[in-house]
Structure formats: structure tokens, C-alpha cells
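For reference, the chains in residue letters:
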Amino acid sequence: MNISGLLTSAGINIGVCTVLTSLYSVLRKQPSNLKVYFGQRLAQVQSKGHGPSFFERLVPSPSWIIKAWQTSEEDLFAVGGLDAAVFSRVVIFSMRILSVAAVICIFLVLPVNYFGQSMHHKKIQLESLEVFTIGNVIERSRWMWVHCLALYVITFCACALLYIENKSITKMRLAYITGSPQNLGRFTVLVRAIPWSGKSYSDSVTQFFTKYYPSSYLSHQIVYLPGTVRKLVHDAEKMYNILKAPRISKHCGPSIARCGLCGVTGKSFRFLPDRSAASEEKQDFDDFSKMECPAALVFFRTRYAAHVAAQTLQSTNPMLWVTEMAPEPADVFWANLCVPYRLLWVRRLGSLIASIAFLIFFLVPVSVVQGLVHLDKLKHFSFVRKLSEQRNWIFDLVTGYLPSAMLTLFIFCVPPIMMVFSAIEGPVARSCRKKSASIKVLYFLIWNVFFANILSGSVLQRFDRISSLKDIPLQLAKGIPSMAVFFMTYILTSGWTSLALELMQPISLLLHWLDKCLFRGKHVLSCESQTFPYQTELPRVLLFGLLGFTSSITAPLLLPFLLVYFFFAHLVYRNQFMNVYVTKYDTGGLYWPIAHTAVIVSLMLMQVILLGVFGLKKSAVASSFTIPLIICTFLFHLYCRQRFLPVFKRNVARVIMDMDEQDEHSEKFEEYHEQLQSAAYCQFKSDNCENGTLEVINERLRSSYCSFKSTTLESPLALQQEQSYNSGHDRLQDPEDTKPVDRCSPSPNRFVPHSPVYQYCPSPYRHVPHSPVNQYSPSPNRYEPRSPGPEIKESKADMQ
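Residues numbered from 1 in each chain as written. Predicted model: local features only at pLDDT ≥ 70, side-chain atom pairs only at ≥ 80, totals over all residues. Heavy atoms only, no water.

Asks: Would you mind showing me how to read the pattern of salt bridges here?
Replies: Oppositely charged side chains may form a pair once their charged atoms are brought near each other. Inspection of the entire model under this criterion finds nine salt bridges. Among the ionic pairs, Lys 618 bridges to Glu 139, the shortest N-O distance being 3.8 Å. Within this pair, whereas Lys 618 is found in the loop between α24 (592-616) and α25 (620-643), its partner Glu 139 is found in the loop between α6 (73-114) and α7 (144-178), the two being separated by 479 residues in sequence. For Glu 537, the salt bridge is made with Arg 540, and the minimal N-O distance between the two is 2.9 Å. (Salt bridge = Lys/Arg side-chain N within 4 Å of Asp/Glu carboxyl O. Helix = DSSP H or I, 4+ residues; strand = E, 2+ residues; numbered from the N terminus.)

Asks: Help me understand the nonpolar core, please; the structure alone is not making it clear to me.
Replies: One recurring pattern in soluble globular proteins is that nonpolar side chains are buried together. Among the nonpolar cores identified, the biggest contains 137 residues, and Phe 87, Leu 407, Phe 450, Tyr 565, Phe 566 and Tyr 573 are the most heavily contacted of them. In this structure Phe 450 touches Leu 445, Ile 480, Phe 487, Leu 546, Leu 547, Thr 550, Leu 605 and Ile 609, once residues within four positions along its chain are discounted. (Core = buried A, V, L, I, M, F, W, Y, C linked by side-chain atoms within 4.5 Å. Buried < 20%, exposed > 50% of the residue type's maximum accessible area, 1.4 Å probe, protein only. Contact = heavy atoms within 4.5 Å.)

Asks: Could you clarify how one ought to interpret the pairing of strand β1 (residues 188-192) in this entry?
Replies: On any regular strand, side chains alternate: one points to one face of the sheet, the next to the other face. Burial analysis of β1 places five of its five residues in the buried class, the great majority of the element. With burial as the criterion, each face of β1 is covered, one bearing Thr 188, Leu 190 and Arg 192 and the other bearing Val 189 and Val 191. Relative to strand β3 (residues 292-300), β1 is paired through five bridges, and the arrangement is antiparallel. In the strand pairing of β3, Val 189 is matched with Val 298. In terms of strand pairing, β1 meets strand β4 (residues 322-325) through four bridges, oriented antiparallel. When the bridges of β4 are listed, Val 191 appears paired with Thr 323. (Pairing = 2+ DSSP bridges.)

Asks: Can you help me understand the confidence of the model for the chain in this one?
Replies: Detailed reading of predicted coordinates is not advised where the pLDDT is low. Here the chain shows a mean pLDDT of 76. Residues at 70 or above account for 67%. For residues 247-257, every residue scores under 50 in pLDDT, and the model assigns this stretch 21 contacts once sequence neighbours within four places are set aside. (pLDDT = per-residue confidence, 0-100.)

Asks: Would you take a moment to explain the packing of aromatic side chains for this structure?
Replies: For any pair of aromatic rings, geometry is given as the distance between the ring centres together with the angle between the planes. Enumeration over the complete set of coordinates arrives at 45 aromatic pairs. Plain terms: the ring middles of Phe 187 and Tyr 672 are 5.6 Å apart, the flat faces sit at 50 degrees to each other, and that makes the pair tilted. Of the two residues, Phe 187 sits in the loop between α7 and β1 while Tyr 672 sits in helix α28 (residues 669-676), which places them 485 residues apart along the sequence. Three or more aromatic residues joined by ring pairs make a cluster, and in this case those are Trp 447, Phe 450, Phe 451, Phe 486, Phe 487, Tyr 490, Phe 544, Tyr 565 and Phe 566. Arg 433 extends its terminal NZ or CZ atom over the ring of Phe 333, reaching a point 4.7 Å from the ring centre. (Phe/Tyr/Trp six-rings, centres within 6.5 Å; stacked < 30°, edge-to-face > 60°. Lys NZ or Arg CZ within 6 Å of the ring centre and 35° of its normal.)

Asks: Sorry if this is basic, but what is going on with a negative patch on the surface here?
Replies: A cluster of acidic side chains, namely Glu 667, Glu 670, Glu 671 and Glu 674, defines a negative patch on the protein surface. Structurally, the position occupied by Glu 674 is in helix α28. Of the residues examined, Glu 674 reaches a relative accessible area of 57% and is grouped as exposed. (Patch = residues over 30% accessible without salt bridge, like charges linked within 9 Å, V, L, I, M, F, W, Y side chains within 5 Å. Areas by Shrake-Rupley, 256 points an atom, 1.4 Å probe, with all protein chains shown as cover. Lys, Arg positive; Asp, Glu negative; His and termini not counted. Charge placed at Lys NZ, Arg CZ, Asp CG, Glu CD.)

Asks: Just to check I follow, could you spell out the sheet that holds β4 for this structure?
Replies: Backbone hydrogen bonds are what pair the strands of a sheet, in a parallel or an antiparallel way. Strand order in the open sheet formed by four strands is β2-β3-β1-β4, with antiparallel pairing between adjacent strands. Each edge of the open sheet carries a strand with a single partner, namely β2 (217-224) and β4. Each neighbouring strand pair of the sheet contributes to a mean axis angle of 25 degrees, computed without reference to strand direction. Each of β1, β3 and β4 touches helix α11 (residues 303-310); the most contacted strand, β4, lies at about 135 degrees to it. (Axes fitted to C-alpha atoms, helices over the stretch in contact; angles between N-to-C directions.)

Asks: Explain the packing of α24 against α25 here, please?
Replies: Two packed helices can be described by the angle between their axes and the distance between those axes. α25 packs onto α24 with a crossing angle of 170 degrees between their chain directions and a minimal axis gap of 9 Å. Taken together, α24 and α25 sit at an angle that is classed as roughly antiparallel. Of the residues in α25, those touching α24 at His 596, Thr 597, Ile 600, Leu 603, Met 604, Gln 607, Val 608, Leu 611, Phe 614 and Gly 615 are Ala 622, Ser 623, Thr 626, Ile 627, Leu 629, Ile 630, Thr 633, Phe 634, Phe 636, His 637 and Cys 640. Here the residues of the contact of α24 with α25 are counted per class, giving 13 nonpolar, eight polar and no charged. (Parallel < 35°, antiparallel > 145°, perpendicular 65-115°, else oblique. Nonpolar A, V, L, I, M, F, W, Y, C, P; charged D, E, K, R; others polar.)

Asks: Whenever I open this one, unusual backbone geometry confuses me. Can you help?
Replies: Glycine aside, residues mostly have negative phi angles, and peptide bonds mostly take the trans form. A positive phi angle is found at Trp 321, which is not glycine, with a value near 50 degrees. Of note, Trp 321 is situated in the loop between α11 and β4. One non-glycine residue, Gln 505, adopts positive backbone phi at about 50 degrees. Looking at where Gln 505 falls in the secondary structure, it is placed in the loop between α20 (484-504) and α21 (506-518). With relative accessibility at 7%, the residue Gln 505 sits in the buried group.

Asks: Looking at this structure, how should I read the state of the cysteines?
Replies: A covalent bond between the sulfur atoms of two cysteines is what we call a disulfide. Within this structure, the stated rule accounts for one disulfide. The residue that forms a disulfide with Cys 293 is Cys 338, at a sulfur-sulfur distance of 2.0 Å. Of note, the bridge from Cys 293 to Cys 338 carries an S-S torsion of about 95 degrees and is right-handed in sense. You can see Cys 293 sitting in strand β3 and its partner Cys 338 sitting in the loop between β4 and α12 (344-361), a full 45 residues away along the chain. When its relative accessible area of 13% is taken as the criterion, Cys 338 is described as buried. (Disulfide = S-S within 2.5 Å.)

Asks: Which parts of the structure should I look at to understand the environment of Pro 327?
Replies: Positionally, Pro 327 belongs in the loop between β4 and α12. For Pro 327, a relative accessible area of 12% translates into the label buried. For the pair Pro 327 and Gly 185, spaced 142 residues apart in sequence, the C-alpha separation works out to 5.2 Å. When residues no more than four places from it in sequence are discounted, the contact partners of Pro 327 are Gly 185, Val 332, Val 428, Ala 429 and Tyr 681.

Asks: Just checking my understanding: could you explain the packing of α7 against α25 for this structure?
Replies: As a packed pair, α7 and α25 sit with axes 11 Å apart at the nearest point and diverge in direction by 5 degrees. As judged from the angle between their axes, α7 and α25 are roughly parallel. Between α7 and α25, the residues in contact are Cys 148, Leu 151, Tyr 152, Thr 155, Cys 159, Leu 162, Tyr 163 and Asn 166 and Ala 622, Phe 625, Thr 626, Leu 629, Thr 633, Phe 636, Tyr 639 and Cys 640, respectively. Here the contact of α7 with α25 is built from residues that sort into 12 nonpolar, four polar and no charged.

Asks: So what exactly am I meant to see when it comes to α20 here?
Replies: Because each turn of an α-helix spans 3.6 residues, side chains separated by three or four positions end up pointing in the same direction. For α20, with 21 residues, the first-to-last C-alpha span of 29 Å sits near the 30 Å given by 1.5 Å per residue. For α20, the principal kink sits at Ser 498 and spans about 30 degrees. Burial analysis of α20 places 20 of its 21 residues in the buried class, the great majority of the element. Residue Gln 505 follows α20 closely and has a positive phi angle near 50 degrees. (Expected span 1.5 Å × (residues − 1). Bend = angle between axes of the 7 residues up to and from the residue.)

As C-alpha cells, then:
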């Protein structure tokens, strides 16, 4: 491809970016689009103020660019969390190192490449772009030391900047841990592969942790099988309908006449509900043992106790009582908690095989794309011969813009498929699923966009030339200069245009208007809030960083395109974090180790490629100086892994103990313990409360079950309890009026109070008091005493 083909692709992409950016600056001002471009929370805040005038709404403006540029890292951290700050650091790091590479390579390496051999140069618009690459330098050139010097400068600058970023982000992670003491996930341990005790998995957890962790164990929540929420809601509605009739209709009407047997009036009689029907419903409602999974969330009194339990082998059989730290409540992936632990390795193996098969299958569209790039080599087809001989704008469009556009469209389907593969692996956190998908997408892009396109101008033509693995560096050295033009057009299409589409949010905008027009504004097709797609954006940023490293010396003309992309990305992503995406959960900066490894791989790949180039150019001195640089880079990577990576893998005991000590002095432990036992981890809250299916029946179910409990026990407080609920009070007084008694305690009816409303959460919360042992603490069976302790049956006197 010549410069005219590149200019054709650049003109199309720049035009598309300009149109989309202008449309975004207009559409974001419309009040009807606030939920699309400002998110759910920011839309409500924005709608309260005075918006722009009608004329201002129709005129494009760069106000969003100014606001994004003025956004500080503290603001980004406060809104998007540590993951957003880390992602922004990755973009800024890429800008810095590529700026250094651009200054060195454009002003020092590019002239050496252009005048690398004596030849008659054409006009600049008719020149082939290969004359600007290292392929234009003759063998045994005395100017190869320039490339070697540039390689050393770029490597040392990259390592220095990478060390600074490692040190800074490590401090940010420690500050994030100490600055979020309210994270309930640090008190919680996920226990899997729980053995059956003969009664229920919940009893197994209670017996195990009260025996081996008597002083630190607080309570636990059992995990139920997915899909049982409908049955639970159906049972709750059925119970309410049964208990509703007796409370309303089964009373004697007023009567003056007295009964001839006992001499009392009709008002003195009160019909009790059908004992057999009520008992049957209670038995059905309390029979959750068949719905339990061999997994539970165990709550501890301190963070340090939870971390000790999570990192300790609990049984002589490593396949039983498997513990790990639980994610924060909003991050729990409930569907995977019930996956049997013994099947996880099968799932991971299957996901790996499926990912490799999909990666290999994708070579088919890559070969089609490369066939279009090297269309001039397929002259045995008559129509191709005629098209190549004319060399008009159609040929430039087919060979310049169309291949990169097709590859970008093919790659759009990759992140959703990788998300499915990552979910099959069985991660217990949604953030872990995104992180796993990000790694898969990154490997996929590096192989199919970089290696597959370089090692083959066409799959059929290139694969027969690679006889062994030793030929790969030589093929890369030959392929990168010839593929520089394709990478330029790919950066324009997948980079610049994708950022404009990210601003525009066309899919969200379309679904929003379909909901507004067809479903009267209900969220049927669209989502109320979106989270940032790290599995899509982070691999793309790291891939462009790899292209920048590997092409900085071999094809320096890529660097200006990449710098424009990263500068535009810096503004776009900050705007999206501040306005569009809502942060529901945070990994605490766990995306940084992925970025660090990608940078090291890019550096070493650049060095290996240049080692092959120096070998092709028969420059022994440059080759001998490149080998120690590869070794030093690898040693630097090992040092960083030992120095910084453990902070991202494990929590620091000293930091956690200091946090526990501070909370103990400030008496915040009671608040955290109350939150843990008040449906902080509600298995069905995310699935039902957001859709509004349980808010109507929550309070009615709660009151119905309390009334049912009192009447079936024939408690003397039955009438008082009913009157209290009819008057709207949730708390009762005992007969002596000495202390309040909460008749709707969390465990027996599975209605756990959660401010500001009561959420329906069918989960037994077992509370172990510090002292003394409460024989009547909540459990799945209300009337079964807690073990250890003698078996005590409740009597009427006890109930009073």
C-alpha cells in the first residue's frame, strides 16, 4: 500500500470520528438522553439544575473535553474507584513512553530508515511506506548503532516509568484498603465443599465453626440453589393468602346476647387459623434443606480472623472445607457459588479448550483480511488484475480501509464470547469474571491481530515458510515493516473510530429510545446503569501499547497515530468514568498486574524482533548488545514480581490488624456486625429487588409470618402482637414492659431487616454471642437449641 491508500483510510476514519463526536456533543445536552450519557445517579442530579438553552442544545461544543481535561485523579478515584484510576494510569503511562519513543525515533531513526540505501526517491505522496521502515536499510550498514541506541533508551525509560508506576499504584492499593474499612468482604469467608451433616449444610457450618473458631466466628449465611427464588416467592405469596383470611374474617361480629355455656359475649370469642393447614404451610416454608448448596458465607468478628481462616487448610482432605476470601456484597456472582468444587478444574479445562478452539477458528477471517491487504499479489484472478492495474480510489478503499474495518467488526464479538467462557470457569465474583475475560481477550488480540497478521500476508502463503520455531523471529523481523501500513489503518479504525463510538454509545442510545417509545420508559431492553467494560477497553489499550513498542524502531510512522489515540482515549475514558458508568464493585487495582506483564512482554518482544532484524542486516555488534538487554529486562520483571506483586495477591496482616484495632477503639465493630447479619449478602437482592418484584410483598410476608408464628404457638402475646402489627409497629413489648422484643428476628422466617426496607432474603443467619452462649439464638429450626448444649424444648412459660 502506498501513501494514497493510507490517506484514504485516514480521511474516512477522521470524518467518521468528527461526525460522531459532534453528534455526541449535541445529544448529551438533550434532557431525554441524560440517562444514557450521565448514568442513573448523575442524570437525577443533572436534571435538577438549569440546562442549556434550546439553541445551545443544537450546537456542538467542546465543553466535555474541557471538563475531562480538568478532572483530577482524586475525582476519578472518588467516582470510579481504584480500577478507574489504574486504567487511567495505564493510558497515561502509554502516552509518556510513546512520547519518548516518538521524539527519538522520528528525529533520529526515521531519517536513517529513509536514506538507508541509495535510491531515487519519488514524490512523497507516491512513495511506498516501506521506505520509512527499517527494511529500507542495507545490510552491514554502519548506521545500525542508531537503532541499537534507540532500543536502549526506550527500554531504560520504560523500565524507569514502570517502576515509578508500580510503586505509586502499590501505595494507592494500600491506601484503598485502609480507606475503605466498611468493606464487609474483609469480614467474610466463602466456604465451599461443605460435607453433609445428616440434617443440613447449615448445621454442618454451625458445628464446624463453633468448634474450631469459637471466639472469632460470628454467623453465617447458607447459599441456595439458583432458580429457587421463584418457588420461594410463590410460597411466600401462598402463605400470605392463607394467613390473610383468618386475620380479617374469622372474628365474631358484635352481639348483645350472651353465650349460654360460658356467659360471655360474642366479642370475647376469636377463631384461630386452621392448625393443620398452617402447620403444613410452616413445614413447607421452613423446609430449605433441599435447596441448600454445599457453600456458605461465614462472617467473623475481625478482619484478621477472617483472613487467617481463608488462608488456612481446614481439613486433612483438601477437597473439603475449602475457604477463600469472599468478594464484597455487590460483587458476588451468586450463580457460581453452587458449582461443586470438585468440578471447577473440569470447567476451567473446558473453558481453556474452547478459548483455544475459538482462537484457531478466528484465523479464517484473519486470512480473508490479509487477502484484501495483499490484493495486488492475487493477480491470477482477472478482476483483481484489472483493479490493481487501474489503481483508483476503489483499489485504495479495498486495500486500505476495508481490511481494518472488517477485522474490527469481527473482533466486536470476541469480548462477549470470552465473558461466557470466563463465567463457565466458575468465578465467585463478577470482577474476577471481567478480569479473566480481559486476559483472554488480550491473548486473543495479541495472537490474531499481531502474530497471525505478521506471520502471514496470507495464511496459505506464509505457513509453509515457517519450518521451525527458530524462524519466527526472522519472520517477525521481515513482517513488521511490511505490515506497518495495515497497523496504521487498524489504529485509525479500531482506535480512533472506536473511541468515537464509545462516546456516542449508539447501542445504549437505541435501546433507551426503544424503551421510551415502546415500553413507556420502563427498562425492558436497556439497563438502568452500566459498568465500565474493562474486558473490552483494557486489552485494546494494551494491544496498542504493544504495537507502539514493537513498531517504534522498525516503523516509526505508527507513533504519531498512536499518540493521537492515547491522548483522545485519555479524555474519552475520563469523561465516561465521570458521567456514564456507575461503579458497583472494585477489584482494588488488580488490573495493574495484567498491564505490567503486558508491558514487559511488549518490551521483550520488541527486543527479540530487533535481534532478528540485526541478524538479517548482519550487524554483529548490534546483535551482541541486544542479548544483555533482553536478560536485564527479564531480571527487572522478576524483581518487580517479588517487590510489588505480593501486595496485589495477598493482604498485609499489619494493615488489617491496625484497622481492627482502630475499629475496636471507635466501637465500629458492632455496626459492621449488624450489617453482616442484616442481609448485607442477600442472594436474591440483586436479581429481584432491582426488578421490583418483591418490594410489594416483603412487608406483608414479614407481618404474615410473625402473626402465623404467634398463633401456632398459642402464645399469650398473640392478640398483642396482632394489634401491634395492625397499628404499624414492628417491635413489641413483653408483658412486663421491661425490654423490647423483636418478634421478626432474622433467622426463623428468613425475613432479614435491611435498611431502609425489609428485603426478602431466604438465608439462615446464625449468630454466636460472645458470652454467654444463647441457647435460643436464631437457627433454621426456631425451636431447636444451638449445639453445643443440652437439648431444651421450649415451653409456654419460656415463650412468655
